[in-house]
Amino acid sequence: MKVLLSLLLLLVSLPAGAQQASTWRGLTVSPEVRCTPYDSDDYRYSPNLEQAAIASMGGRIYSPYSGQTFARATETDIEHMVARSEAHDSGLCAASDAVKRQFANDPLNITLASPSLNRGAKNDRDAADWMPALNRCWFANRVLAVRLKYNLTIDAAEAAALAGVLAGCTSTAMVFRSPAPSAASSGSVPARRVALALERWDDNGNGRITCAEARAHGIAPVPRTHSAYPFMNDADNDGVVCE
């Protein structure tokens, strides 16, 4: 929080011209500028990037944003952490076609997400407007690395958002959250609800939800139809946990 406030105070206290010349972690802090029209065809990317993302995660078909594991790659979207249009407005609008294509196909900027998250919640939003529920330290560090690699600018709001996350990080490694076996095979709980259950009620991040956690969140007793149930131990198999 202190880092976040310091950055904001610094930017506010500077004259307009000086604000544009300020830096954060080696990035120029400057408003976004669309110096040429954005055309997604200039940023075409290979569908093989999906397999590259899977390989980088040890063969898992996994979204670090939600902790969701998918059965097939066709259930996911290729997701650019720094959106192509965002990069365009952060300096790539003046870059060559080759650099634009390199950016769009760079594995450093690629991960997987469900289509609904990629095309809805995330879309082309930057870190000031959207952060993943999980792996925020990994995400913030990767966004910083991508912007540094392509000498992109960053606006003050996004710099503040990233600074606030990174100030509390002890590690920027991706964390994998494994679903409970019963959840993976259950057809009764939609995948998005499964991901949300862990985000909401798995306080210690071990992929299970205990009765103590359920009671702390006020959801006990937990029936079989509840999205938390697949991650809990129904010892007597009566369809209700923590009764």
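Residues numbered from 1 in each chain as written. Predicted model: local features only at pLDDT ≥ 70, side-chain atom pairs only at ≥ 80, totals over all residues. Heavy atoms only, no water.

A word on the packing of aromatic side chains
The full count for this structure, using the stated rule, is 6 aromatic pairs. Here tyrosine 62 and phenylalanine 176 contribute two aromatic rings whose centre-to-centre distance is 5.0 Å and whose plane-to-plane angle is 50°, an arrangement assigned as tilted. Of this pair, tyrosine 62 sits in strand β3 (residues 62–63) while phenylalanine 176 is found in the loop between α8 (156–166) and α9 (181–185), placing the two residues 114 residues apart along the sequence. The exposure class of phenylalanine 176 is partly exposed, given its relative accessible area of 31%. Through successive ring pairs, a cluster of aromatic residues spans Tyr65, Trp130 and Phe139. Here the basic side chain of arginine 60 rests over the ring of phenylalanine 176, its NZ or CZ set 4.0 Å away from the ring centre. (Phe/Tyr/Trp six-rings, centres within 6.5 Å; stacked < 30°, edge-to-face > 60°. Helix = DSSP H or I, 4+ residues; strand = E, 2+ residues; numbered from the N terminus. Buried < 20%, exposed > 50% of the residue type's maximum accessible area, 1.4 Å probe, protein only. Lys NZ or Arg CZ within 6 Å of the ring centre and 35° of its normal.)

Structural notes on the packing of helix α7 (residues 136–149) against α8
Across the interface, α7 lies against α8 with an axial gap of 9 Å and an inter-helix angle of 135°. When the interaxial angle is binned, α7 and α8 end up oblique. At the point where α7 passes α8, the crossing takes the left-handed sense. Between α7 and α8, the contacting residues are Arg136, Cys137, Ala140, Asn141, Val143, Leu144 and Arg147 on the first element and Glu158, Leu162, Val165 and Leu166 on the second. Residues of the contact of α7 with α8, tallied by class, amount to 7 nonpolar, 1 polar and 3 charged. (Axes fitted to C-alpha atoms, helices over the stretch in contact; angles between N-to-C directions. Parallel < 35°, antiparallel > 145°, perpendicular 65-115°, else oblique. Left-handed = near helix turned anticlockwise from the far one by under 90°. Contact = heavy atoms within 4.5 Å. Nonpolar A, V, L, I, M, F, W, Y, C, P; charged D, E, K, R; others polar.)

Re the pairing of strand β6 (residues 110–113)
Along β6, one buried face is formed by Ile110 and Leu112 and the opposite face, lined by Thr111 and Ala113, is buried too. As paired elements, strand β5 (residues 77–80) and β6 share 4 bridges and run antiparallel to each other. Paired with isoleucine 78 across the two strands is leucine 112, which belongs to β6. (Pairing = 2+ DSSP bridges.)

Quick notes on the state of the cysteines
Tallied over the full model, the rule gives 3 disulfides. Between the sulfur atoms of cysteine 35 and its disulfide partner cysteine 93 the distance amounts to 2.0 Å. Looking along the S-S bond of the cysteine 35-cysteine 93 disulfide, the torsion reads about 120°, which is the right-handed sense. You can see cysteine 35 sitting in the loop between β2 (27–28) and α3 (49–56) and its partner cysteine 93 sitting in the loop between α4 (84–88) and α5 (97–104), a full 58 residues away along the chain. Paired by a disulfide, cysteine 137 and cysteine 169 hold their sulfur atoms 2.0 Å apart. Its S-S torsion of approximately -95° makes the covalent link between cysteine 137 and cysteine 169 left-handed. Remark: cysteine 169 occurs in the loop between α8 and α9 and cysteine 137 occurs in helix α7; sequence separation between them is 32 residues. The cystine pairing of the chain, numbering bonded cysteines in sequence order, is 1-2, 3-4, 5-6. (Disulfide = S-S within 2.5 Å.)

So, the environment of arginine 25
Following the sequence through the fold, arginine 25 ends up in the loop between β1 (23–24) and β2. As a C-alpha pair, arginine 25 and leucine 144 span 119 residues in sequence and 8.3 Å in three-dimensional space. Sequence-distant contacts of arginine 25, that is, excluding residues within four places in its chain, are made with Leu144, Leu148 and Leu166.

None of this, on its own, says anything about what the molecule does.
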